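Observations on the three-dimensional arrangement
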Amino acid sequence: MNGRSRLTIGKYIDRDSALHGLDPRIKLLGLLALMIVFLLLRSWTGYAASSAAVAGILLLSRIPLRSYLRGLLPVLPILIFTLLYHLALGRGEQVVAEYGFVRITREGAWEGTAIVWRILLMILPASALTASTRPLTLARGLERLLSPLSKLRVPIPQFSLMIVIAIRFIPTILGELDRILVARRARGFDYAGRNPVKRLTGFIPVLVPLLATTVQRADNLTLAIEARAYGDGRGRTVYRPLRFGKKDAAAAIWIAGIAALILLADRSGTVHALAVFLRLQ
Amino acid sequence: MTNTGGKAAERYELHGIHATLEGRPVLREIGFTLEAGAWTSLIGHTGAGKSTLAKLLKGLISQFEGQYRIGGRPAARDRKGRMRVVPEIGFVFQYPEHQIFETTVQRELSFALRARGDSARAIDEAISRILPQFGLDEEMLPQSPLRLSGGQKRRLAIASVLIAQPRLLILDEPTAALDPLSRRALLDLLKGWQKREGGSILFISHNMDDAAEYSDRVLVLEQGRLLGHFGADELFLRRADLLERAGLALPEPIRLLRLVEELSGAPIPVESCREEEIWPAVQAVWRARGNKDER
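Think of each chain on its own: its residues are numbered from 1, step by step along the sequence as written. Chain labels run from A onward and ligand labels from 1 onward, assigned in the order the entries are written. pLDDT decides what is reported in this predicted model: residues at 70 or higher carry local features, side-chain atom pairs at 80 or more are listed and counted, and totals for whole chains, interfaces and linings draw on all residues regardless. Calculated side-chain values reflect all of the structure's heavy atoms, with hydrogen atoms and water omitted.

Sheet strands associate in pairs through backbone hydrogen bonding, adopting either a parallel or an antiparallel arrangement. All names here are of chain B. Pairing between two strands requires that DSSP report at least two bridges joining them. Helix and strand definitions follow DSSP, with helices as H or I runs of at least four residues and strands as E runs of at least two, each counted in order from the N terminus. What the four strands build is an open sheet, ordered β2-β1-β4-β5; its pairing is antiparallel. Two strands in the sheet have a free side with no partner beyond their single neighbour: β2 (24–34) and β5 (73–74). As defined by bridge partners, strand β1 (residues 12–21) adjoins strand β4 (residues 65–70) across five bridges and the pair is classed as antiparallel. Bridging from a neighbouring strand, histidine 18 pairs with glutamate 65 of β4. The strands that helix α1 (residues 50–58) touches are β1, β2 and β4; relative to β2, the one it contacts most, it runs at about 60°. The criterion used for residue contact is that any of the two residues' heavy atoms lie within 4.5 Å. Interaxial angles span 0 to 180 degrees and are taken between N-to-C directions of axes, which are lines fitted to C-alpha atoms, for helices over the stretch in contact.

Let's shift gears to the interface of chain A and chain B. Tallying the contact residues gives 15 residues for chain A and 19 residues for chain B. Here a salt bridge means any side-chain nitrogen of Lys or Arg lying within 4 Å of a carboxyl oxygen belonging to Asp or Glu. Across the contact surface, chain A and chain B share one salt bridge. For arginine 187 of chain A, the salt bridge goes to glutamate 108 of chain B, with nearest N and O atoms at 2.6 Å. Within 3.5 Å is the distance limit for a polar contact, defined as a pair of N or O atoms, with the added protein rule that one can donate a hydrogen and the other accept it, and that residues adjacent in sequence qualify only through two side-chain atoms. Inspection of the region where chain A meets chain B yields two residue pairs in polar contact (both at pLDDT 80 or more). Elements represented by at least two residues in the side of chain A that touches chain B include exactly α9 (156–186) and α10 (196–227) of chain A. With seven residues, the single largest contributor to the side of chain A that touches chain B is α9 of chain A. Classes in brief: Ala, Val, Leu, Ile, Met, Phe, Trp, Tyr, Cys and Pro nonpolar; Asp, Glu, Lys and Arg charged; the others, Gly included, polar. Considering only residue class, the side of chain A that touches chain B consists of nine nonpolar, two polar and four charged.

All names here are of chain A. Taken N-terminus to C-terminus, the directions of helix α3 (residues 24–40) and helix α11 (residues 246–268) make an angle of 5°; their axes are 10 Å apart at the nearest point. What the angle tells us is that α3 and α11 run roughly parallel. Across from Ile26, Gly30, Leu34, Val37, Phe38 and Leu40 in α3, the residues of α11 making contact are Asp248, Ala251, Ala252, Ile255, Ala259, Ile262, Leu263, Asp266 and Arg267. Taken together, the residues of the contact of α3 with α11 sort by class into eleven nonpolar, one polar and three charged. Any angle that is under 35 degrees is reported as roughly parallel, and any over 145 degrees as roughly antiparallel; angles of 65 to 115 degrees are reported as roughly perpendicular and all others as oblique.

Moving on, we get to the packing of aromatic side chains. When we look at a pair of aromatic rings, we describe it by the centre distance and by the angle of the planes. Stacked, edge-to-face and tilted are the three classes for Phe, Tyr and Trp ring pairs, Trp counted by its six-membered ring, which pair at centre distances within 6.5 Å; planes under 30 degrees apart are stacked, over 60 edge-to-face, the rest tilted. For the coordinates displayed, the defined rule picks out six aromatic pairs over all chains. Relative to tryptophan 110 of chain A, the ring of tyrosine 47 of chain A has its centre 6.0 Å away and its plane inclined at 85°; by these criteria the two rings are edge-to-face. Remark: tryptophan 110 of chain A occurs in helix α7 (residues 106–132) and tyrosine 47 of chain A occurs in helix α4 (residues 44–61); sequence separation between them is 63 residues. Considering the side-chain rings of tryptophan 39 of chain B and phenylalanine 203 of chain B, the 5.3 Å spacing of their centres and the 55° angle between planes classify their relative orientation as tilted. Taken together, the residues span a long stretch of sequence, with tryptophan 39 of chain B in strand β3 (residues 39–44) and phenylalanine 203 of chain B in strand β8 (residues 200–205) at a distance of 164 residues. Here the two residues tryptophan 39 of chain B and phenylalanine 203 of chain B agree in accessibility, since each one is buried. Three or more aromatic residues joined by ring pairs form one cluster here, namely Trp39, Phe203 and Tyr214 of chain B. Two conditions define a charge located above a ring, namely a distance within 6 Å from the ring centre to NZ of Lys or CZ of Arg, and an angle within 35 degrees of the ring normal. The residue whose ring lies beneath arginine 184 of chain A is phenylalanine 101 of chain B, and the NZ or CZ to ring-centre distance is 5.6 Å. The lysine or arginine in question, arginine 77 of chain B, covers the ring of phenylalanine 64 of chain B, its NZ or CZ lying 5.2 Å from the ring centre. Exposure classes here rest on a 1.4 Å probe applied to the protein chains alone. A residue is buried below 20% of its type maximum, exposed above 50%, and partly exposed in between.

So, on to the confidence of the model for chain B. Close reading of the predicted structure is inappropriate where its pLDDT is low. Residues and elements named next belong to chain B. Per-chain confidence: chain B averages 89 in pLDDT, with 96% of residues scoring 70 or above. pLDDT gives the predictor's per-residue confidence on a scale running from 0 to 100. Below a pLDDT of 50 lies the segment residues 1–6, which in the model reaches 14 contacts outside its immediate sequence neighbourhood of four places, other chains included. Reported for the predicted complex are a pTM of 0.71 and an ipTM of 0.71.

Taken as a whole and judged by the stated rule, the model has 19 salt bridges over all chains. Salt-bridge contacts for arginine 116 of chain B lead to aspartate 118 of chain B; the nearest nitrogen and oxygen are separated by 3.2 Å. We classify aspartate 118 of chain B as partly exposed; its relative accessible area is 27%. Among the charged side chains, a salt-bridge network with shared partners connects Glu176, Arg179 and Arg217 of chain A.

This next bit is on the pairing of β1 of chain B. Residues and elements named next belong to chain B. Pairing between β1 and β2: seven bridges, direction antiparallel. The residue bridging isoleucine 17 from the neighbouring strand is isoleucine 30, located in β2. Counted along the chain from β1 to the antiparallel partner β2, the turn is two residues long, and its residue glutamate 22 has a positive phi close to 50°.

Okay, the nonpolar core next. All names here are of chain B. Put simply, buried Ala, Val, Leu, Ile, Met, Phe, Trp, Tyr and Cys residues joined by side-chain atoms within 4.5 Å make one nonpolar core. Formed by 42 residues in total, the largest nonpolar core has its most connected members in Leu14, Leu57, Tyr68 and Ile170. Dropping the residues within four chain positions of it, leucine 14 is found in contact with Ile30, Gly31, Phe32, Leu53, Leu56, Leu57, Gln67 and Tyr68. Judged by nonpolar contacts, the second largest core, of 34 residues, contains Val105, Ala157, Trp193 and Phe203.

On average, chain A scores 83 in pLDDT, and the residues at 70 or more come to 90%. For residues 1–8 of chain A, every residue scores under 50 in pLDDT, and the model assigns this stretch 13 contacts once sequence neighbours within four places are set aside.

Let us look at a negative patch on the surface. Residues and elements named next belong to chain B. Together, Asp124, Asp137, Glu138 and Glu139 make up a region of like negative charge exposed at the surface. Mapped onto the fold, aspartate 124 is located in helix α3 (residues 120–133). Its relative accessible area of 45% is what places aspartate 124 among the partly exposed residues. What goes into a patch is any residue over 30% in relative accessible area without a salt bridge, connected to like charges within 9 Å or, for nonpolar side chains (Val, Leu, Ile, Met, Phe, Trp, Tyr), within 5 Å. Exposure was quantified through the Shrake-Rupley algorithm and a 1.4 Å probe, taking into account, for residues, occlusion by the shown protein chains and nothing else. Neither His nor the chain ends contribute to the count of charged residues, in which Lys and Arg are positive and Asp and Glu negative. In plain terms, the charge of a residue is placed at NZ if it is Lys, CZ if Arg, CG if Asp and CD if Glu.

Residue and element names in this part refer to chain A. Interaxial distance between α9 and α10 falls to 10 Å at its minimum, and their mutual angle equals 140°. Looking at the two axes, α9 sits oblique to α10. Every pair of crossing elements has a handedness; the one defined by α9 and α10 is right-handed. Side by side, α9 and α10 meet where Ile165, Phe169, Thr172, Ile173, Glu176, Leu177, Ile180, Leu181 and Arg184 of the first sit next to Gly202, Phe203, Pro205, Val206, Pro209, Leu210, Thr213, Thr214, Arg217, Leu221 and Ile225 of the second. A class-by-class count of the residues in the contact of α9 with α10 yields 13 nonpolar, four polar and three charged. Two helices cross in a left-handed way if the nearer one is turned anticlockwise from the farther one by less than a right angle. They cross in a right-handed way if the turn is clockwise.

Here it is in structure tokens:
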């Protein structure tokens, strides 16, 4: 029983790729830009262009497709439910089939597919971001991006430290959970032989000691942080500051270009977008 | 606690065991038999594979090669071929107080008994028998175990395992971070349980003083391999070379014994590695030497 091995969403995978080498701020802003573009999509040509862009990002990360697919498993039920919901209860006039209250329409089918496709378009680049960026680097990137807010007295450094500590303690807390589960198994609590409801209710008592030890740990950590003079008024420096290089600037231009091309493909057709792309080359 | 009676201790046999953890071999060609009713210590350097071996015996590791037999029969596996947890083995993990998970002391103590379906009356009886043995009292029963002191928590965790009357008790460094007096008290308590119940103990430690003082047999593990299975006296008095190979030190009384032998220039005849037998022999030689000097 190893809780750590099951966590596949948002896991960093070490590779030597162009995506891994980018500044986290560019990756975060790029993801945000693409997400906005994906929300604006209206036609299938836009979806096709976006899919090509996402495929390109995944290839750039040099992470096996298998890892991305494994990351999709937890959201699979949501995707299936969304698709079925729109298929069965979709609006529209062009009825393809009808069984009792279930009415499958052409519009419903398109809408369901488009929404599921859009969710996939958003999840996959987000997975590429977390898989290609160490959690702490990501947190630091987020801190730098949000730093202008500190002028408005938003406590950004504290917020950032909070995120860093939360990330740092995920494996520790999972280890703690693992220990409690093994201790229960060793004293005769059988998971395999029980029905799902009993398994779920049997899991609830585990949360009590887990919470108690986590709170205790947090108390100790607070003391340890204060003992090291945290919060004496001066800002904290970092050992490896983020550097915005030439390749980051190039990546920013690329992302902006791709976002514009996707929107062009979406509004005036792929052929038009390709023509613009080739002329730019 | 009542005597286990018909539930006599059993033999646990391992043959040609290989096990890997995240692709890294942790146990190689392990083979031994745990003798019934004995205190066996499993010693080795940090990372030697002691805890993995103990978990394997308890049935908490299902992926391994080799044979594991309990009382002459292969250890039970489920339909998918995975090891089943061995119910007659009690397991006390490192830092036992960290494995307390119930909301009250009463529920913590009764967890294993409830899991196997004992009656409420039998559970109450078992609890009132075990409480005084571990220096806990009835007033604590409705309290949250998290409010007990460190020492009380540790005793509660061990009592929660022993209440199910295991035939073999595995202890994974149960005395870590205890002061010398508490350590001695806990080990005496476990020795008392072993004598009273006729159970077996597998004691994992890298404290050689404890291993020499309490063990009948000793297993020495080094980087996943078994260096040998010895009587405690033989290992500590005659196989210091093996201890050194495993990165372990001699127990304190034996180091003193060797020092006095070196100073007096003659071997001191000692047959046991227990402190109580070594001290008189060392004292006798030292006194004789002192008298000679005075003359």
